[in-house]
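Overview (structure and organization)
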Amino acid sequence: MEAVANILEYAGGITLLFFQTIRHTFKRPFPLALTVQQIEAIGVRSLTVVNVIALFTGMVLALQTAEVMTRFGAKGYIGVVVALSMLREIGPVFTAIMVGGRVGSGIAAELGSMQVTEQIDAMRVMGAHPVRKLVVPRVIATTLVLPMLTVIADILGIFGGLLISIVELKVNAYYYFHTILENITFSDIFSGLGKTFFFGFLIAIIGCYQGLTTTGGTQGVGSSTTRTVVLISIAVLIADFLLTKLFMLL
């Protein structure tokens, strides 16, 4: 029963923070400067890790499917397999988990440090609302940045598959991209990219909630950071399943 109570308490806290974030997002003046700063911190600084992972993911995916495709005489369609996999699932989910691990833990550590050193309480005393100053810019930035990072990851993943197709399967670049353009539909792109807005929101809201509820000094900050990575990974995978079912019905 205690575990159920903890889950319900956590869900209630996240829900409350969600509504507070929505309410403060539409209040004037809009925190533009803080949001731009977070876009740079979350998006630009995540490019390197996302690019490297996406490129090698596409290459590994092409390598793994090359043998099977060749066995059935369908090696020319390796581009379709790589593109569909990257666009629909691997690109959005891998990007969300990697950004969640880097950004979500960073948000939790930063806000957790402010919480245990009473900086957030001092902010309230000075009349500034922590949700407006700390949560809203991070939520907006992550929600906007994750789809952009996913697009870059998809492109690099497909390019990685092209490299393997040329080297291992001797498939020329024109045929590789021709089969992709012939078989990929708008729904394939939309179903993958549409998920990333929800993933971005989940990453930021979980990271902020963990940071704002941190207790126990520096040890508590470490525990909160670790818990954030685990929760974000689980939340992204559960959301991916639910959103995939939803997009299949549309």
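Up top is the structure.
In short, a report on the structure. The structure presented is a predicted model; accordingly, all values stated were derived computationally and were not measured. (Residues numbered from 1 in each chain as written. Predicted model: local features only at pLDDT ≥ 70, side-chain atom pairs only at ≥ 80, totals over all residues. Heavy atoms only, no water.)

1. Brief notes about the overall build of the protein
Definition in use: Secondary structure elements are defined from DSSP: runs of H or I of at least 4 residues count as helices, runs of E of at least 2 residues count as strands, and each element is numbered from the N terminus. Three exposure classes are used, based on accessible area relative to the maximum for each residue type with a 1.4 Å probe and protein chains only: buried under 20%, partly exposed in between, and exposed over 50%. It only takes one pair of heavy atoms within 4.5 Å for two residues to be counted as in contact. Accessible surface is estimated by sampling points in the Shrake-Rupley manner with a 1.4 Å probe; for residues, cover comes only from the protein chains shown. Residues scored as positive are Lys and Arg, those scored as negative are Asp and Glu, and His as well as the terminal groups of each chain are ignored. We put the charge of a Lys on NZ, of an Arg on CZ, of an Asp on CG and of a Glu on CD.
Scanning the protein for helices and strands turns up 9 helices and 0 strands. If you list the helices and strands of the protein from N to C, you get α-α-α-α-α-α-α-α-α. Projected onto its principal axes, the C-alpha positions of the protein cover 70 × 45 × 35 Å. The burial tally for the protein puts 45% of its 250 residues in the buried class. In the protein, of all internal contacts separated by at least 6 residues, the share reaching a separation of at least 24 is 84%. A total of about 13100 Å² of accessible surface is found on the protein, and carbon and sulfur atoms cover 71% of it. Separation of charge centres in the protein, based on 16 positive and 13 negative side chains, amounts to 7 Å.

2. Examining the layout of surface pockets
The gaps of empty space that remain are located by a probe, the size of a water molecule, rolled over the atoms. We count it as follows: Only protein atoms enter the 1 Å grid, on which a cavity is a set of points fitting a 1.4 Å probe that cannot get out and a pocket is an open set with protein on both sides within 12 Å along at least 5 of 7 lines, lining residues being those with an atom within 4 Å of a point. Grid points are joined across faces, edges and corners, and a volume is the space filled by probe spheres set on the points. For this classification, Asp, Glu, Lys and Arg are treated as charged, while Ala, Val, Leu, Ile, Met, Phe, Trp, Tyr, Cys and Pro are nonpolar and the rest, including Gly, are polar.
One number sums up the size of the largest pocket: a volume of about 420 Å³. For the lining of the largest pocket, the secondary structure elements donating two or more residues are helix H1 (2–25), helix H8 (186–212) and helix H9 (217–249). Looking at the lining of the largest pocket residue by residue, the class counts come to 16 nonpolar, 1 polar and no charged. Looking at the second largest pocket, the residues that line it are Gly 13, Leu 16, Leu 17, Gln 20, Gln 115, Arg 124, His 129, Pro 130, Val 131, Tyr 209, Leu 212 and Thr 213.

3. Some points on empty space enclosed by the protein
Enumeration over the complete set of coordinates arrives at 1 cavity of 30 Å³ or more. Approximately 60 Å³ is the volume attributed to the largest cavity. Residue lining of the largest cavity: Val 50, Ile 53, Ala 54, Thr 57, Met 86, Ile 90, Gly 91, Phe 94, Thr 95, Met 98 and Ala 153, and that is the complete set. Listed by contribution, the elements that provide at least two residues to the lining of the largest cavity are helix H3 (47–71) and helix H4 (78–116). At 6 residues, H4 tops the list of elements feeding residues into the lining of the largest cavity.

4. Quick look at the nonpolar core
To be explicit about the condition: As used here, the term nonpolar core means buried Ala, Val, Leu, Ile, Met, Phe, Trp, Tyr and Cys residues forming a set that is joined through side-chain atoms within 4.5 Å.
Counting residues in hydrophobic clusters, the biggest one holds 39 residues, and the most contacted among them are Leu 17, Leu 111, Val 135 and Phe 199. Ranked by residue count, the leading element in this core is helix H6 (residues 130–168), at 11 residues. Leu 17 has contacts with Val 131, Val 135, Ile 205, Cys 208, Tyr 209 and Leu 212, leaving out every residue within four places of it along the chain.

5. Concerning the packing of aromatic side chains
The cut-off we apply is this: Only Phe, Tyr and Trp rings take part, Trp by its six-membered ring, and two of them pair if their centres are within 6.5 Å. Stacked means planes under 30 degrees apart, edge-to-face means over 60, and tilted covers everything else.
Taken as a whole, this structure holds 6 aromatic pairs when the rule is applied. Summarising the aromatic geometry, the rings of Phe 18 and Phe 19 are spaced 5.1 Å apart at their centres and angled 70 degrees between planes, so their arrangement reads as edge-to-face. Relative accessible area serves as the criterion here: at 29%, Phe 18 is assigned to the partly exposed category. Between Phe 186 and Phe 190, the ring centres sit 6.0 Å apart and the planes meet at 20 degrees, which makes this aromatic pair stacked. In this pair, Phe 186 and Phe 190 are both assigned in helix H8, 4 residues apart and thus about one turn of the helix distant. Judged by relative accessible area, Phe 186 falls into the exposed class, the value being 64%. Connected via pairs of aromatic rings, a cluster forms that spans Phe 18, Phe 19 and Phe 201.

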